[in-house]
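What follows is the residue order along each chain.
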Amino acid sequence: MKKIIFYTSLAFLVVSQTYAQKKSKKAPAEAPTVAKKPLTHEVYDFWKDIPERIVSHNGQWFGYALNPQEGDGKVVFYNFTTAKADSVARGNDLKFTSDSEFGVFKIKPQLAVTKAAKRAKKKKDELPKDSLGIYTLATKQLVKFPLVQSFKIPEKSGSWVAFIKESEKAKTPEAKGDSTKKAPRAKAKKESEENGYGLVWRDLKTATEKNFPFVTDYEVTKNGKLLAFASTGTDSTKAGVYVYDIATKQLARIYEGHSKHKFKKLSFDDNGSQLAFVADLDTNAKTQIRSHKLLYWKMGEQTATLLADESTQPAQKDWLVSGDYTPKFSKSGDKLFFGTAPRPVVQDTTLLSDEIVNVEVWHWQDTKLQTQQKVSLERDKKKSYLAVAHLNEKKLVQLGGVHLPDVDLVVEGNANILVGHADEKYSGQHWDWNPKEDIYIIDAKDGSQKLVKEKVEGNVRVSPEGKFLYWFSNPDTSWFAHEIASNKTIQLTTNKTVRFADEEDDHPDFPRAYGVAGWSKDDQSLLIYDRYDIWQIDPKNPAQAKRLTNGRPDKKVFRYVRLDPEEKSVDINSPLLLSTVNETTKKEGFVQLAANTSQITPLYEGDFNIGNVVLKAKDANRVLFTKQTFKDYPDWYATDLSFKNITRVTEANPQQNNYWWGSVEIVSWRAGDGTPLQGLLYKPENFDPTKEYPMMTYFYEKNSDNIHTHYAPRPIRSYINYSYFTSNGYLVFVPDIVYKDGYPGQSAYNCIVPGVLSMIDKGFVDKDKIGISGHSWGGYQTAYLVTQTNLFKAAEAGAPVSNMTSAYGGIRWDSGMSRQAQYEHTQSRIGGTLWEKPMQYLENSPLFHAPKIQTPVLMMHNDDDGAVPWYQGIEFYMALKRLNKPVWMLNYNGEKHGLTKRQNMKDFAVRLYQYFDHYLKDAPAPAWMTEGLPMVEKGINQRLSPIQAEPASGTSKLGGSGK
């Protein structure tokens, strides 16, 4: 055996181990004849992703970020004309100008330089800063600007950029030997978050620049005509809000202020001719209650005028203009929507800290639990309620309020009505997570409210032209529309012949809808999905619903692909691009639906996953999409809307060819009750059916539709990495699970165990070397299964619920919500309260069957888990420890339900694979498994190295025969 090198937090190196293999039919230990090698933990950092991608308006350029998991990435510019690419190191946040001539982006500092500065304990403002990159696409010329905080470019016109840039700090050396005493100079104003930084406007074609000092906020118009900013001023320029005219190069101060005034939330209308902003004119920084003012400017006027303040705001007495709501103009520009809020409750500053009482009163009629209020506390402090300024009439109207907190604009604010949502009287039903609300129509002219529908259990939305409200009613399992003009509610679907909700849903609750594609022009019809097809339904004549596709006979799913992100309605008078998924073969692709007919033209299909994002150039017939398989990373491909000629544009990870990978296939079997099931079986590369392999079993409800999902090697957040296991000689079995209300544990057993046995029957699974792993709901099922069977040699249960009786009354700390609904209606599937079905809670709880466990168990359950309280892990750990059964629990301090810190993810990956390699490959156990990790060594010695060689037989001194 090779010795595993000891890890430290600074050098996370893992040396791959060679393990003793069983003779006869066991997978051979000899090295492969080709130059490939298995994946190791060392590959994570240099494996790459494409987190950003954008196509130029003219369709000639594709820009994307190509980043290693840890390290310095780059931004890449691909030219479709030359089929060549250029790149800039460490680029990110890329945007193309609307004329498709420039790429503008940030450039990160080198990771090594940043880490060195952190190790040197540099202050935050001394750490390396981003730069700005401007890349001329035609000439490949790159211009850089250091110390840039942010940048903005016009969305639809103009070829310029505005960016906030810190000044480089100049160090003035003292003259040696100069004893002349000079009078102290006045303190120069320094750049800071409070004082602002330099704003630079740059014409990208001429390189002309204009600099504005001490800017705290700025905004640009969509049409590129104006730049607005707020400045705290200098000796030569006054503080206030300014507008810079790009065409005339004229700068106008539209509001004169004081250097201590705060201006924020600058917002232009769509035409770029009106500006609104919020001002705090109180120069006393210690004032606890800030009285904000809403100011308004219109092109042609010299100064901004006051629209609303604490004395003129339209809400009730003692309310204020909100400083946390960004003003928003209607599309037409004749209305300005802004926020108001109650005067906040503030702390008595005369009290000493030891005089303040901190107590929570949990009242039985609280509409929100104290825990929910705690989670939303900061958000609640900034909560704003919608008001409107009618700019032509100079009239202010309050629209929302405490009892009508959420208000939707209609036709982008152009309509004279709005839609209000009120859920307060239903929010106290903590045992039911299905949202319920009352819906109101609000008159924008006077703020009057008219109740439309009570207790709607569904997500109510507004049609693009504002003629209808529409929603899927969960209790009715049907779609509804409400015609606003006639005040008439119409049931669009009835489920008599077609179901528009999940046909396979197995929760003790109402099934969810498949969704909608959108409305056709002028709100004439709504395009609704069933399991397979798209239906066109006229709300004025729903009985004459028209099916646009015919996927049900072939079990082919059709879905609309939206190519224009600004699209408001679906143009059914033009050909539509649809995506397809064949439920039987798992093939995916694209088809074209002819205008106003049901004629389908196949375009492209294959054994791959096409992803969820399709990009189209705004002004060209250029389309980009991804396709992936288990073997193939989701790289980007280019074509046109005919999909006849497809070109691969990116190759993120060519180094994958140097490593063993594997394959995946659909497998079928019958559950214990005879239900036909499917699952996925991942096999090592060069799989030999005459050999026996160790097998991992992983699951989370249903996964067979993920057959074409690519799993890049990366540290583990919570679940196992299939590619890593197959590369290292494992089989991975991922069974689908179907459930029966009241019996989630037994349902898992009914599906998983027969599936594993069916894999053993194939002859290539080593029945004595089968592991099981799951996280969260999968962690619960893992914990349950090892109480019912000794089929598994070793188990890993991440964040498992072990005791449903105590978990039922607990809290999901990340949301503050009660866990009761989870058991009565959703994933845990008991279907009743603890007092209605006590035996189901007991029978399905692994804790009460702990004495039967003979399988070693590894858990990860973190002390800040906000989904499954970590005391559930403690209960299970203490039971197994008390019973003297081999159990380990990993608690990554401060982490939540899944790991987020990369160093912790790396550590967990190593420990999990060491654990299974020990039990399933007879590898030596590391010290943390044999001796634990004393608290005095936490963070110092990770104990990842083995203490001594272990016997190669199937029995380990750590216990757990798995027989």
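For every chain, the first residue of its written sequence is number 1, and the numbers climb from 1 along that sequence. With the structure being a predicted model, the display of local features is reserved for residues of pLDDT at least 70 and the display and counting of side-chain atom pairs for 80 or more, all residues being used for whole-chain, interface and lining totals. Excluded from the side-chain calculations are hydrogens and water; all other atoms, namely the structure's heavy atoms, are used.

**Some points on the pairing of strand β27 (residues 437-443)**
For a regular strand, the rule is simple: side chains alternate between the two faces of the sheet. The buried fraction of β27 is high, at five of seven residues. Taken together, the six bridges between strand β26 (residues 417-422) and β27 define a ladder with antiparallel strand orientation. When the sheet's bridge partners are listed, Leu-418 is paired in β27 with Ile-442. Sheet topology note: the β27/strand β28 (residues 449-456) ladder contains five bridges and is antiparallel. Its bridge partner being in β28, Ile-441 is matched across the sheet by Lys-450. Two strands qualify as a pair provided DSSP detects at least 2 bridges between them. Numbering of helices and strands runs from the N terminus; a helix is a DSSP stretch of H or I covering at least four residues, while a strand is a stretch of E covering at least two. Connecting β27 to the antiparallel partner β28 that follows it, the hairpin turn spans five residues, and Gly-447 within it adopts a positive phi of roughly 80°. Only protein chains enter the accessibility calculation, which uses a 1.4 Å probe; a residue is then buried when its area is under 20% of its type maximum, exposed when over 50%, and partly exposed in between.

**Here's the deal with the packing of aromatic side chains**
Each Phe, Tyr or Trp ring, with Trp reduced to its six-membered ring, pairs with another whose centre is within 6.5 Å; inter-plane angles below 30 degrees give stacked pairs, above 60 give edge-to-face pairs, and intermediate values give tilted ones. Evaluated as defined, the whole model comprises 55 aromatic pairs. Look at Trp-669 and Phe-733: their rings are 5.3 Å apart centre to centre, the planes differ by 65°, and that puts the pair in the edge-to-face class. Remark: Phe-733 occurs in strand β48 (residues 731-735) and Trp-669 occurs in strand β45 (residues 663-670); sequence separation between them is 64 residues. Looking at Phe-733, the relative accessible area reads 0%, which means it is buried. Sitting over the face of the ring of Tyr-218, Lys-152 holds its NZ or CZ atom 4.6 Å from the ring centroid. For a lysine, the NZ atom is tested; for an arginine, the CZ atom; a charge sits over a ring if that atom is within 6 Å of the ring centre and within 35 degrees of the ring normal. Directly above the aromatic system of Tyr-637 lies the positively charged group of Lys-627, at a separation of 4.7 Å from the ring centroid.

**Section: the pattern of salt bridges**
In what follows, salt bridge is the name for a side-chain nitrogen of Lys or Arg lying within 4 Å of a carboxyl oxygen of Asp or Glu. Counting across every chain of the model gives 51 salt bridges. Across the pair Lys-702 and Glu-504 runs a salt bridge, and its minimum N-O distance is 3.8 Å. Residue Lys-702 is found in the loop between β47 (693-698) and α4 (722-727), and its partner Glu-504 is found in the loop between β32 (488-491) and β33 (516-519); the two are separated by 198 residues along the sequence. Between Arg-911 and Asp-907 there is a salt bridge, and its shortest N-O distance comes to 2.6 Å. Taken together, the residues span about one helical turn, with Arg-911 and Asp-907 both in helix α11 (residues 902-921) at a distance of four residues. Look at Arg-911 and you get buried, because its relative accessible area is 5%. Overall, the relative accessible area of 7% leaves Asp-907 in the buried class. Several salt bridges converge on common partners, so that one network encompasses Glu-503, Glu-504, Asp-530, Arg-531, Arg-552, Glu-583 and Lys-702.

**Looking at the environment of Leu-847**
Mapped onto the fold, Leu-847 is located in the loop between α9 (838-843) and β53 (857-860). Residue classification places Leu-847 among the buried residues on the basis of a relative accessible area of 17%. Sequence separation between Leu-847 and Ala-285 is 562 residues, and the spatial gap between their C-alpha atoms is 56 Å.

**Looking at the sheet that holds strand β42 (residues 623-627)**
Taking strand neighbours across the sheet as the criterion, the four strands line up as β41-β42-β43-β44 in an open arrangement whose pairing is antiparallel. The strands lining the two open edges of the sheet, one partner per strand, are β41 (614-616) and β44 (647-648). Of the strand pairs in this sheet, β41 and β42 are connected by three bridges, and their pairing is antiparallel. Among the inter-strand pairings, Lys-616 is bridged to a residue of β42, identified as Val-623.

**Thoughts on the nonpolar core**
Judged by nonpolar contacts, the single largest core of 51 residues is most densely connected at Met-695 and Val-756. When residues of this core are assigned to their parent elements, the largest contribution, seven residues, is made by helix α5 (residues 744-760). Whether two residues are in contact is decided by their heavy atoms: any pair within 4.5 Å suffices. Excluding anything up to four places from it in sequence, Met-695 contacts Leu-681, Tyr-730, Leu-731, Val-732, Phe-733, Val-756, Met-759, Val-765, Lys-769, Ile-770, Gly-771 and Leu-920. For this analysis, a nonpolar core means a set of buried residues of the types Ala, Val, Leu, Ile, Met, Phe, Trp, Tyr and Cys, connected via side-chain atoms within 4.5 Å. Core analysis: the second largest hydrophobic core is formed by 43 residues, Tyr-659, Tyr-682, Met-696 and Ala-794 among them.

**Focus: helix α10 (residues 871-882)**
With twelve residues, α10 extends 16 Å from end C-alpha to end C-alpha; this agrees with the ideal 16 Å at 1.5 Å per step. Looking only at α10, the buried set comprises Gln-872, Gly-873, Phe-876, Ala-879 and Leu-880. In a view along the axis of α10, the buried residues occupy a sector of 130°, so they form one face of it. Taken together, the buried residues of α10 touch α6 (777-785), α7 (804-808), β53 and β54 (887-890). For a helix, the expected span equals 1.5 Å multiplied by the number of residues minus one. The directions from the helix axis to the C-beta atoms form the arc being described.

**Topic: the confidence of the model for the protein chain**
When the pLDDT values of the protein chain are averaged, the result is 92; 93% of them are 70 or greater. Confidence of the predictor at the level of single residues is captured by pLDDT, which takes values from 0 to 100. Across residues 171-177 the pLDDT falls below 50, and counting only partners more than four positions away or on other chains, this stretch makes zero contacts in the model. In the predicted structure, residues 949-957 sits below a pLDDT of 50 and forms 19 contacts with residues beyond four places in sequence or in another chain.

**Examining the environment of Lys-210**
As for its position among the elements, Lys-210 is in strand β12 (residues 209-220). Along the backbone, Lys-210 and Pro-51 are 159 residues apart, and their C-alpha atoms lie at a distance of 33 Å.

**Some thoughts on the sheet that holds β26**
With antiparallel pairing, four strands are arranged side by side in an open sheet as β25-β26-β27-β28. Strands at the two margins of the open sheet, each flanked by one partner only, are β25 (406-408) and β28. Strand-to-strand twist of the sheet, defined as the mean angle between neighbouring strand axes without regard to direction, takes the value 25°. Inter-axis angles, ranging from 0 to 180 degrees, are taken between N-to-C directions of lines fitted to C-alpha atoms, where helices are fitted over the stretch in contact.

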